[in-house]
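Each chain is listed here by its residues.
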Amino acid sequence: MADTEIMVRMHDIHKSFGGLTVLDGIDMEVKRGEVLAIIGPSGSGKSTLLRCLNKLETIDSGSIEIKGDFLAVTREGRAEYAEAAKEHKLLGCMGMVFQQFNLFPHMTVLQNLIEAPMLVQGQKREAILPYARELLQKVGLADREDYYPSQLSGGQQQRVAIARALCMKPDIMLFDEPTSALDPELTGEVLKTMRELAAERMTMVVVTHEMAFAREAASHVIFMEGGHIIEQGVPEEFFAHPREERTRAFLQNML
Amino acid sequence: MDNLLSMVLQMAEGCEITLQIFFITLVLALPLGLLASLARLSEWRPLSALMEFYIWLMRGTPLMLQLLFVYFALPMVGILLPDLAAALLAFTLNYAAYFAEIFRSGIQAIPKGQYEAAQTLGLSYPQTMRRIILPQVIRIVLPPVSNETINLVKDTSLIYILAMNDLLRVARTIVQRDFDMTPFLVAAVFYLAMTFVLTWGFKRLEAHYGRY
(Lines give C-alpha, C1' and ligand atoms only; values in the text may rest on other atoms or scores of the structure.)
Protein backbone atom coordinates (compact mmCIF):
# COMPACT_ATOMS: atom_id res chain seq x y z
CA MET A 1 0.00 0.00 0.00
CA ALA A 2 2.58 2.53 1.11
CA ASP A 3 4.68 1.71 -1.92
CA THR A 4 2.00 2.84 -4.32
CA GLU A 5 1.63 6.29 -2.78
CA ILE A 6 2.15 8.94 -5.45
CA MET A 7 4.87 11.32 -4.23
CA VAL A 8 5.08 13.58 -7.27
CA ARG A 9 2.75 14.00 -10.19
CA MET A 10 3.29 16.57 -12.92
CA HIS A 11 0.65 16.99 -15.58
CA ASP A 12 0.81 18.79 -18.93
CA ILE A 13 3.69 21.06 -17.86
CA HIS A 14 4.43 23.94 -20.21
CA LYS A 15 7.29 26.35 -19.74
CA SER A 16 8.99 28.80 -22.07
CA PHE A 17 11.80 31.31 -21.65
CA GLY A 18 10.93 34.31 -23.78
CA GLY A 19 9.84 32.79 -27.07
CA LEU A 20 11.68 29.51 -26.53
CA THR A 21 9.55 26.56 -25.46
CA VAL A 22 11.52 24.46 -22.99
CA LEU A 23 8.82 22.12 -21.67
CA ASP A 24 6.00 21.23 -24.03
CA GLY A 25 3.38 19.18 -22.26
CA ILE A 26 5.25 16.95 -19.82
CA ASP A 27 3.48 14.28 -17.75
CA MET A 28 5.26 12.23 -15.12
CA GLU A 29 4.80 10.68 -11.72
CA VAL A 30 6.98 9.18 -9.04
CA LYS A 31 5.78 6.73 -6.40
CA ARG A 32 7.20 6.36 -2.92
CA GLY A 33 10.57 4.64 -2.95
CA GLU A 34 11.01 4.98 -6.69
CA VAL A 35 14.10 6.37 -8.35
CA LEU A 36 13.26 8.26 -11.51
CA ALA A 37 16.18 8.96 -13.83
CA ILE A 38 15.73 11.70 -16.40
CA ILE A 39 18.20 11.58 -19.27
CA GLY A 40 18.57 13.44 -22.53
CA PRO A 41 20.86 15.77 -24.47
CA SER A 42 21.68 19.22 -23.04
CA GLY A 43 18.95 21.70 -23.79
CA SER A 44 16.32 18.96 -23.73
CA GLY A 45 14.58 20.61 -20.75
CA LYS A 46 15.42 17.92 -18.18
CA SER A 47 17.05 20.27 -15.66
CA THR A 48 14.26 22.80 -16.13
CA LEU A 49 11.70 20.09 -15.41
CA LEU A 50 13.47 19.26 -12.14
CA ARG A 51 13.74 22.94 -11.22
CA CYS A 52 10.02 23.41 -11.89
CA LEU A 53 9.32 20.69 -9.38
CA ASN A 54 10.68 22.71 -6.46
CA LYS A 55 9.78 26.11 -7.90
CA LEU A 56 13.28 27.29 -8.74
CA GLU A 57 11.46 27.93 -12.02
CA THR A 58 7.74 28.62 -12.29
CA ILE A 59 5.61 26.80 -14.82
CA ASP A 60 3.43 28.60 -17.39
CA SER A 61 0.67 26.01 -17.25
CA GLY A 62 0.02 22.48 -16.03
CA SER A 63 -0.27 21.07 -12.53
CA ILE A 64 2.19 19.85 -9.91
CA GLU A 65 1.07 17.56 -7.12
CA ILE A 66 3.28 16.71 -4.15
CA LYS A 67 2.09 13.89 -1.86
CA GLY A 68 -1.50 14.43 -2.93
CA ASP A 69 -1.53 18.21 -2.47
CA PHE A 70 -1.42 20.65 -5.35
CA LEU A 71 1.61 22.94 -5.48
CA ALA A 72 0.33 24.43 -8.73
CA VAL A 73 -2.85 24.14 -10.75
CA THR A 74 -3.94 25.75 -13.99
CA ARG A 75 -6.96 28.02 -14.18
CA GLU A 76 -7.95 29.66 -17.46
CA GLY A 77 -4.70 28.62 -19.07
CA ARG A 78 -2.39 30.10 -16.41
CA ALA A 79 -0.60 28.33 -13.60
CA GLU A 80 -1.53 29.36 -10.06
CA TYR A 81 0.55 28.37 -7.05
CA ALA A 82 -0.71 27.36 -3.62
CA GLU A 83 -0.78 30.01 -0.87
CA ALA A 84 2.47 30.71 0.91
CA ALA A 85 2.10 28.44 3.95
CA LYS A 86 1.04 25.39 1.92
CA GLU A 87 3.69 26.08 -0.69
CA HIS A 88 6.35 26.28 2.04
CA LYS A 89 5.17 22.96 3.46
CA LEU A 90 5.13 21.19 0.08
CA LEU A 91 8.50 22.56 -1.01
CA GLY A 92 9.85 21.47 2.38
CA CYS A 93 9.13 17.84 1.39
CA MET A 94 11.91 18.05 -1.18
CA GLY A 95 15.68 18.27 -0.86
CA MET A 96 17.84 19.40 -3.74
CA VAL A 97 21.40 18.56 -4.80
CA PHE A 98 22.97 20.83 -7.40
CA GLN A 99 25.52 20.30 -10.12
CA GLN A 100 27.74 22.99 -8.54
CA PHE A 101 27.22 21.72 -4.93
CA ASN A 102 26.33 25.25 -3.72
CA LEU A 103 27.61 24.64 -0.21
CA PHE A 104 27.83 27.73 1.99
CA PRO A 105 31.58 28.51 1.80
CA HIS A 106 31.69 30.58 5.02
CA MET A 107 30.39 27.71 7.16
CA THR A 108 32.01 24.49 8.23
CA VAL A 109 30.64 21.17 7.02
CA LEU A 110 28.67 20.70 10.23
CA GLN A 111 27.28 24.24 10.12
CA ASN A 112 26.18 23.66 6.53
CA LEU A 113 24.12 20.72 7.75
CA ILE A 114 22.49 22.23 10.83
CA GLU A 115 21.86 25.78 9.60
CA ALA A 116 18.54 25.13 7.84
CA PRO A 117 17.07 22.74 10.44
CA MET A 118 17.78 25.41 13.07
CA LEU A 119 16.53 28.39 11.06
CA VAL A 120 13.62 26.82 9.20
CA GLN A 121 12.43 24.07 11.53
CA GLY A 122 13.40 25.89 14.72
CA GLN A 123 15.35 22.91 16.05
CA LYS A 124 17.85 23.30 18.85
CA ARG A 125 21.50 22.89 17.93
CA GLU A 126 22.00 20.06 20.43
CA ALA A 127 18.89 18.29 19.16
CA ILE A 128 20.02 18.24 15.53
CA LEU A 129 23.73 17.56 16.07
CA PRO A 130 23.49 13.76 16.54
CA TYR A 131 21.48 13.35 13.33
CA ALA A 132 23.84 15.64 11.41
CA ARG A 133 26.83 13.58 12.59
CA GLU A 134 25.04 10.36 11.72
CA LEU A 135 24.49 11.68 8.18
CA LEU A 136 28.14 12.68 7.84
CA GLN A 137 29.07 9.20 8.97
CA LYS A 138 26.75 7.80 6.34
CA VAL A 139 28.34 9.78 3.50
CA GLY A 140 31.78 8.86 4.83
CA LEU A 141 32.82 12.30 6.07
CA ALA A 142 32.54 11.95 9.83
CA ASP A 143 36.12 13.19 10.24
CA ARG A 144 35.52 16.33 8.18
CA GLU A 145 32.85 18.15 10.18
CA ASP A 146 35.08 21.11 11.05
CA TYR A 147 36.43 21.58 7.52
CA TYR A 148 35.37 24.41 5.27
CA PRO A 149 34.00 23.40 1.84
CA SER A 150 37.05 24.86 0.09
CA GLN A 151 39.22 22.35 1.96
CA LEU A 152 37.36 19.40 0.45
CA SER A 153 37.50 17.69 -2.94
CA GLY A 154 34.57 18.04 -5.33
CA GLY A 155 33.31 14.58 -4.52
CA GLN A 156 33.47 15.26 -0.78
CA GLN A 157 31.67 18.58 -1.25
CA GLN A 158 28.89 16.89 -3.16
CA ARG A 159 28.50 14.27 -0.45
CA VAL A 160 28.24 17.07 2.13
CA ALA A 161 25.58 18.68 -0.09
CA ILE A 162 23.63 15.41 -0.08
CA ALA A 163 23.92 15.19 3.72
CA ARG A 164 22.84 18.84 4.02
CA ALA A 165 19.68 18.16 2.02
CA LEU A 166 18.99 14.97 4.01
CA CYS A 167 19.36 16.82 7.31
CA MET A 168 16.00 18.49 6.58
CA LYS A 169 14.45 14.99 6.50
CA PRO A 170 12.89 15.36 3.07
CA ASP A 171 10.53 12.78 1.54
CA ILE A 172 11.87 13.32 -1.95
CA MET A 173 15.42 14.03 -3.09
CA LEU A 174 16.07 15.89 -6.32
CA PHE A 175 19.46 15.62 -8.03
CA ASP A 176 20.40 18.01 -10.84
CA GLU A 177 23.34 16.42 -12.68
CA PRO A 178 25.11 15.74 -9.36
CA THR A 179 28.29 14.35 -10.93
CA SER A 180 28.64 16.57 -14.01
CA ALA A 181 31.05 19.01 -12.32
CA LEU A 182 33.27 16.26 -10.93
CA ASP A 183 36.46 14.71 -12.21
CA PRO A 184 35.71 11.19 -13.50
CA GLU A 185 37.56 9.51 -10.64
CA LEU A 186 35.39 11.37 -8.11
CA THR A 187 31.97 10.54 -9.57
CA GLY A 188 32.11 7.01 -8.13
CA GLU A 189 31.97 8.07 -4.47
CA VAL A 190 28.96 10.33 -5.10
CA LEU A 191 27.11 7.67 -7.10
CA LYS A 192 27.82 5.18 -4.32
CA THR A 193 26.16 7.48 -1.79
CA MET A 194 23.18 7.88 -4.12
CA ARG A 195 22.91 4.11 -4.62
CA GLU A 196 22.86 3.61 -0.85
CA LEU A 197 20.11 6.19 -0.59
CA ALA A 198 18.12 4.41 -3.29
CA ALA A 199 18.63 1.11 -1.48
CA GLU A 200 17.05 2.69 1.61
CA ARG A 201 13.98 3.35 -0.53
CA MET A 202 14.39 7.13 -0.63
CA THR A 203 12.20 8.61 -3.36
CA MET A 204 14.56 10.23 -5.86
CA VAL A 205 14.36 12.20 -9.09
CA VAL A 206 17.76 12.27 -10.77
CA VAL A 207 18.74 14.25 -13.84
CA THR A 208 21.91 12.60 -15.01
CA HIS A 209 24.34 11.74 -17.77
CA GLU A 210 25.48 8.62 -15.91
CA MET A 211 23.89 5.84 -17.95
CA ALA A 212 25.33 3.13 -15.71
CA PHE A 213 23.65 4.72 -12.68
CA ALA A 214 20.32 5.06 -14.52
CA ARG A 215 20.51 1.45 -15.62
CA GLU A 216 21.39 0.01 -12.21
CA ALA A 217 19.80 2.28 -9.64
CA ALA A 218 16.72 3.71 -11.36
CA SER A 219 13.30 2.12 -11.20
CA HIS A 220 12.08 4.20 -14.12
CA VAL A 221 13.83 6.10 -16.91
CA ILE A 222 12.56 9.07 -18.90
CA PHE A 223 14.31 10.21 -22.07
CA MET A 224 13.66 13.84 -23.00
CA GLU A 225 14.45 15.85 -26.08
CA GLY A 226 13.22 19.27 -27.21
CA GLY A 227 10.90 19.67 -24.23
CA HIS A 228 9.09 16.38 -24.89
CA ILE A 229 9.28 12.96 -23.30
CA ILE A 230 10.37 10.81 -26.20
CA GLU A 231 10.41 7.49 -24.44
CA GLN A 232 10.17 6.00 -20.97
CA GLY A 233 10.17 2.69 -19.22
CA VAL A 234 11.85 0.41 -16.73
CA PRO A 235 15.64 0.48 -17.23
CA GLU A 236 16.06 -3.17 -18.28
CA GLU A 237 13.60 -2.67 -21.11
CA PHE A 238 14.59 0.91 -21.91
CA PHE A 239 18.30 0.28 -22.33
CA ALA A 240 18.04 -3.15 -23.95
CA HIS A 241 15.30 -2.39 -26.46
CA PRO A 242 14.82 1.33 -27.04
CA ARG A 243 11.85 1.76 -29.35
CA GLU A 244 12.49 5.25 -30.66
CA GLU A 245 15.15 6.11 -33.20
CA ARG A 246 16.16 9.23 -31.25
CA THR A 247 16.62 7.24 -28.07
CA ARG A 248 18.83 4.78 -29.91
CA ALA A 249 20.91 7.59 -31.40
CA PHE A 250 21.32 9.24 -27.98
CA LEU A 251 22.25 6.02 -26.17
CA GLN A 252 24.73 5.14 -28.90
CA ASN A 253 26.41 8.53 -28.40
CA MET A 254 26.61 8.06 -24.64
CA LEU A 255 28.20 4.64 -24.68
CA MET B 1 60.34 71.99 23.89
CA ASP B 2 57.42 73.36 25.96
CA ASN B 3 56.33 75.07 22.82
CA LEU B 4 56.19 71.83 20.89
CA LEU B 5 54.34 70.09 23.70
CA SER B 6 51.66 72.75 23.90
CA MET B 7 51.37 72.67 20.12
CA VAL B 8 50.84 68.92 20.14
CA LEU B 9 48.30 69.22 22.93
CA GLN B 10 46.39 71.90 21.02
CA MET B 11 46.36 69.73 17.96
CA ALA B 12 45.29 66.67 19.93
CA GLU B 13 42.28 68.73 20.90
CA GLY B 14 41.65 69.32 17.20
CA CYS B 15 41.77 65.59 16.72
CA GLU B 16 38.71 65.31 18.90
CA ILE B 17 36.40 66.88 16.34
CA THR B 18 38.17 65.00 13.53
CA LEU B 19 37.56 61.68 15.26
CA GLN B 20 34.02 62.64 16.17
CA ILE B 21 33.15 63.30 12.52
CA PHE B 22 34.97 60.14 11.49
CA PHE B 23 33.31 57.71 13.89
CA ILE B 24 29.79 59.08 13.73
CA THR B 25 29.89 59.20 9.93
CA LEU B 26 31.15 55.62 9.79
CA VAL B 27 28.56 54.32 12.24
CA LEU B 28 25.74 56.00 10.31
CA ALA B 29 26.96 55.58 6.73
CA LEU B 30 27.73 51.84 6.85
CA PRO B 31 24.19 50.65 7.71
CA LEU B 32 22.65 53.38 5.54
CA GLY B 33 24.85 52.30 2.67
CA LEU B 34 23.76 48.69 3.16
CA LEU B 35 20.09 49.69 3.10
CA ALA B 36 20.71 51.87 0.05
CA SER B 37 22.41 48.99 -1.78
CA LEU B 38 19.47 46.66 -1.05
CA ALA B 39 17.09 49.39 -2.27
CA ARG B 40 19.25 49.92 -5.34
CA LEU B 41 18.98 46.18 -6.07
CA SER B 42 15.23 46.15 -5.46
CA GLU B 43 13.06 44.79 -8.23
CA TRP B 44 10.61 47.60 -7.56
CA ARG B 45 11.79 50.03 -10.22
CA PRO B 46 10.81 53.36 -8.57
CA LEU B 47 12.88 52.52 -5.49
CA SER B 48 15.96 51.40 -7.40
CA ALA B 49 15.68 54.43 -9.72
CA LEU B 50 15.49 56.75 -6.71
CA MET B 51 18.63 55.15 -5.25
CA GLU B 52 20.39 55.38 -8.57
CA PHE B 53 19.62 59.11 -8.65
CA TYR B 54 20.79 59.62 -5.06
CA ILE B 55 24.05 57.79 -5.72
CA TRP B 56 24.61 59.70 -8.94
CA LEU B 57 24.01 63.00 -7.13
CA MET B 58 26.35 62.20 -4.23
CA ARG B 59 29.15 60.81 -6.36
CA GLY B 60 28.72 63.38 -9.08
CA THR B 61 29.34 66.49 -6.97
CA PRO B 62 32.27 67.40 -4.74
CA LEU B 63 31.90 66.64 -1.04
CA MET B 64 33.05 70.23 -0.43
CA LEU B 65 30.07 71.52 -2.41
CA GLN B 66 27.71 69.26 -0.47
CA LEU B 67 29.12 70.60 2.81
CA LEU B 68 28.65 74.18 1.66
CA PHE B 69 25.13 73.40 0.51
CA VAL B 70 24.05 71.90 3.82
CA TYR B 71 25.77 74.66 5.79
CA PHE B 72 24.78 77.74 3.78
CA ALA B 73 21.92 76.85 1.46
CA LEU B 74 19.67 74.85 3.78
CA PRO B 75 19.35 77.73 6.29
CA MET B 76 17.91 79.83 3.45
CA VAL B 77 14.94 77.49 3.28
CA GLY B 78 14.59 77.51 7.04
CA ILE B 79 16.61 74.41 7.92
CA LEU B 80 19.21 75.60 10.38
CA LEU B 81 21.46 72.86 11.74
CA PRO B 82 24.17 73.14 14.38
CA ASP B 83 27.69 73.04 12.85
CA LEU B 84 28.45 69.46 13.80
CA ALA B 85 25.06 68.15 12.67
CA ALA B 86 25.41 69.93 9.33
CA ALA B 87 28.84 68.41 8.73
CA LEU B 88 27.62 64.96 9.77
CA LEU B 89 24.61 65.17 7.46
CA ALA B 90 26.76 65.94 4.44
CA PHE B 91 29.42 63.35 5.29
CA THR B 92 26.91 60.60 6.02
CA LEU B 93 24.87 61.14 2.84
CA ASN B 94 28.05 61.23 0.77
CA TYR B 95 29.72 58.19 2.30
CA ALA B 96 26.53 56.11 2.39
CA ALA B 97 26.36 56.53 -1.40
CA TYR B 98 29.90 55.21 -1.86
CA PHE B 99 29.32 52.36 0.59
CA ALA B 100 26.08 51.51 -1.22
CA GLU B 101 27.95 50.94 -4.47
CA ILE B 102 30.60 48.85 -2.70
CA PHE B 103 27.94 46.69 -1.03
CA ARG B 104 26.03 46.37 -4.30
CA SER B 105 29.08 45.02 -6.11
CA GLY B 106 29.69 42.63 -3.20
CA ILE B 107 26.13 41.34 -3.18
CA GLN B 108 26.17 40.86 -6.94
CA ALA B 109 29.41 38.88 -6.70
CA ILE B 110 27.64 36.09 -4.75
CA PRO B 111 26.73 33.26 -7.15
CA LYS B 112 23.05 32.60 -7.87
CA GLY B 113 23.53 29.05 -6.58
CA GLN B 114 23.82 30.35 -3.01
CA TYR B 115 20.33 31.86 -3.18
CA GLU B 116 18.98 28.69 -4.80
CA ALA B 117 20.53 26.44 -2.16
CA ALA B 118 19.06 28.63 0.59
CA GLN B 119 15.68 28.65 -1.15
CA THR B 120 15.52 24.87 -1.55
CA LEU B 121 16.39 24.51 2.15
CA GLY B 122 13.38 26.70 2.96
CA LEU B 123 15.15 29.86 4.16
CA SER B 124 13.22 33.12 3.83
CA TYR B 125 14.70 36.18 2.08
CA PRO B 126 15.74 37.91 5.34
CA GLN B 127 17.26 34.65 6.65
CA THR B 128 19.11 34.15 3.37
CA MET B 129 20.52 37.67 3.42
CA ARG B 130 21.47 37.63 7.09
CA ARG B 131 22.95 34.14 7.36
CA ILE B 132 24.13 33.24 3.87
CA ILE B 133 24.69 36.28 1.64
CA LEU B 134 25.88 39.16 3.86
CA PRO B 135 28.54 37.16 5.76
CA GLN B 136 30.09 36.34 2.39
CA VAL B 137 29.67 39.93 1.19
CA ILE B 138 31.67 41.25 4.17
CA ARG B 139 34.71 39.32 3.05
CA ILE B 140 34.44 40.65 -0.49
CA VAL B 141 33.89 44.29 0.46
CA LEU B 142 36.48 44.58 3.24
CA PRO B 143 39.31 45.87 0.99
CA PRO B 144 37.22 48.59 -0.74
CA VAL B 145 35.53 49.52 2.56
CA SER B 146 38.95 49.83 4.16
CA ASN B 147 40.00 52.12 1.30
CA GLU B 148 36.92 54.30 1.70
CA THR B 149 37.34 54.45 5.48
CA ILE B 150 40.88 55.72 5.16
CA ASN B 151 39.63 58.33 2.70
CA LEU B 152 37.12 59.40 5.31
CA VAL B 153 39.88 60.15 7.85
CA LYS B 154 41.45 62.56 5.40
CA ASP B 155 38.17 63.97 4.07
CA THR B 156 37.27 65.14 7.58
CA SER B 157 39.76 67.95 6.99
CA LEU B 158 37.24 69.52 4.59
CA ILE B 159 35.24 70.81 7.54
CA TYR B 160 37.82 73.56 7.99
CA ILE B 161 35.64 75.61 5.60
CA LEU B 162 32.81 75.39 8.14
CA ALA B 163 35.11 77.07 10.67
CA MET B 164 35.19 73.99 12.88
CA ASN B 165 38.45 73.49 14.74
CA ASP B 166 39.52 70.13 13.45
CA LEU B 167 43.09 68.88 13.37
CA LEU B 168 44.04 70.59 10.13
CA ARG B 169 42.46 73.93 10.99
CA VAL B 170 44.20 74.02 14.35
CA ALA B 171 47.50 73.31 12.59
CA ARG B 172 46.90 76.07 10.07
CA THR B 173 45.98 78.56 12.77
CA ILE B 174 49.25 77.91 14.62
CA VAL B 175 51.24 78.13 11.38
CA GLN B 176 49.72 81.51 10.58
CA ARG B 177 50.24 82.78 14.12
CA ASP B 178 53.83 81.60 14.63
CA PHE B 179 55.19 81.52 11.06
CA ASP B 180 56.40 78.00 11.85
CA MET B 181 55.73 75.04 9.54
CA THR B 182 56.15 72.36 12.25
CA PRO B 183 52.39 72.06 12.92
CA PHE B 184 51.89 70.74 9.37
CA LEU B 185 54.39 67.98 10.07
CA VAL B 186 52.72 67.20 13.39
CA ALA B 187 49.34 67.09 11.61
CA ALA B 188 50.77 64.66 9.07
CA VAL B 189 51.98 62.43 11.90
CA PHE B 190 48.52 62.50 13.50
CA TYR B 191 46.80 61.53 10.23
CA LEU B 192 49.36 58.81 9.59
CA ALA B 193 48.84 57.42 13.09
CA MET B 194 45.09 57.25 12.55
CA THR B 195 45.36 55.55 9.18
CA PHE B 196 47.96 53.18 10.61
CA VAL B 197 45.52 52.01 13.26
CA LEU B 198 42.81 51.58 10.61
CA THR B 199 45.07 49.68 8.25
CA TRP B 200 46.06 47.36 11.06
CA GLY B 201 42.43 46.86 12.12
CA PHE B 202 41.26 46.03 8.61
CA LYS B 203 44.16 43.63 8.19
CA ARG B 204 42.96 41.77 11.27
CA LEU B 205 39.39 41.73 9.95
CA GLU B 206 40.51 40.44 6.57
CA ALA B 207 42.47 37.66 8.24
CA HIS B 208 39.41 36.76 10.31
CA TYR B 209 37.04 36.64 7.33
CA GLY B 210 39.64 35.03 5.12
CA ARG B 211 39.73 31.86 7.20
CA TYR B 212 37.60 29.91 4.71
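Since this is a predicted model, take the numbers as computed values, not measurements.

Enquirer: How should I be thinking about the overall build of chain B in this particular structure?
Expert: Across its full length, chain B carries 8 helices and 0 strands. Helices (α) and strands (β) of chain B occur, in sequence order from the N terminus, as α-α-α-α-α-α-α-α. Taking the principal axes of its C-alpha atoms as reference, chain B extends roughly 70 × 45 × 20 Å. A buried classification covers 42% of the 212 residues belonging to chain B. Taken as a whole, chain B presents about 11600 Å² of accessible surface, with 68% of it coming from carbon and sulfur.

Enquirer: Explain the sheet that holds strand E4 (residues 61–66) of chain A here, please?
Expert: Residues and elements named next belong to chain A. Taken in spatial order, the 5 strands of this open sheet run E2-E1-E4-E5-E6, and their pairing is antiparallel. Of all strands in the sheet, those bounded by a partner on one side alone are strand E2 (20–31) and strand E6 (78–81). Averaged over all pairs of adjacent strands, the angle between their axes in this sheet comes to 15 degrees, without regard to strand direction. Sitting on the sheet, helix H2 (residues 84–91) touches E4, strand E5 (69–75) and E6, and the angle it makes with E5 is about 125 degrees.

Enquirer: Whenever I open this one, the interface of chain A and chain B confuses me. Can you help?
Expert: When the parts of a complex come together, some accessible area is lost, and that lost area is often taken as the interface size. Each partner contributes residues to the interface: chain A has 22 residues there, and chain B has 19 residues. Looking only at chain A, the three residues that lose the most surface to chain B are A:Phe104, A:His106 and A:Leu119, adding up to 31% of its buried area. Taken together, the links from chain A to chain B amount to 2 salt bridges. The partner of B:Arg131 in a salt bridge is A:Glu115, and the shortest N-O contact between them spans 2.5 Å. In this assembly, chain A and chain B are joined by 7 residue pairs in polar contact (both at pLDDT 80 or more). For the side of chain A that touches chain B, the per-class residue count stands at 13 nonpolar, 5 polar and 4 charged.

Each value, and the rule that gives it
- Residues numbered from 1 in each chain as written.
- Chains lettered and ligands numbered in written order.
- Predicted model: local features only at pLDDT ≥ 70, side-chain atom pairs only at ≥ 80, totals over all residues.
- Heavy atoms only, no water.
- Helix = DSSP H or I, 4+ residues; strand = E, 2+ residues; numbered from the N terminus.
- Buried < 20%, exposed > 50% of the residue type's maximum accessible area, 1.4 Å probe, protein only.
- Areas by Shrake-Rupley, 256 points an atom, 1.4 Å probe, with all protein chains shown as cover.
- Pairing = 2+ DSSP bridges.
- Axes fitted to C-alpha atoms, helices over the stretch in contact; angles between N-to-C directions.
- Contact = heavy atoms within 4.5 Å.
- Buried area = accessible area lost by both parts, 1.4 Å probe.
- Salt bridge = Lys/Arg side-chain N within 4 Å of Asp/Glu carboxyl O.
- Polar contact = N/O pair within 3.5 Å; in protein donor to acceptor, adjacent residues only side chain to side chain.
- Nonpolar A, V, L, I, M, F, W, Y, C, P; charged D, E, K, R; others polar.

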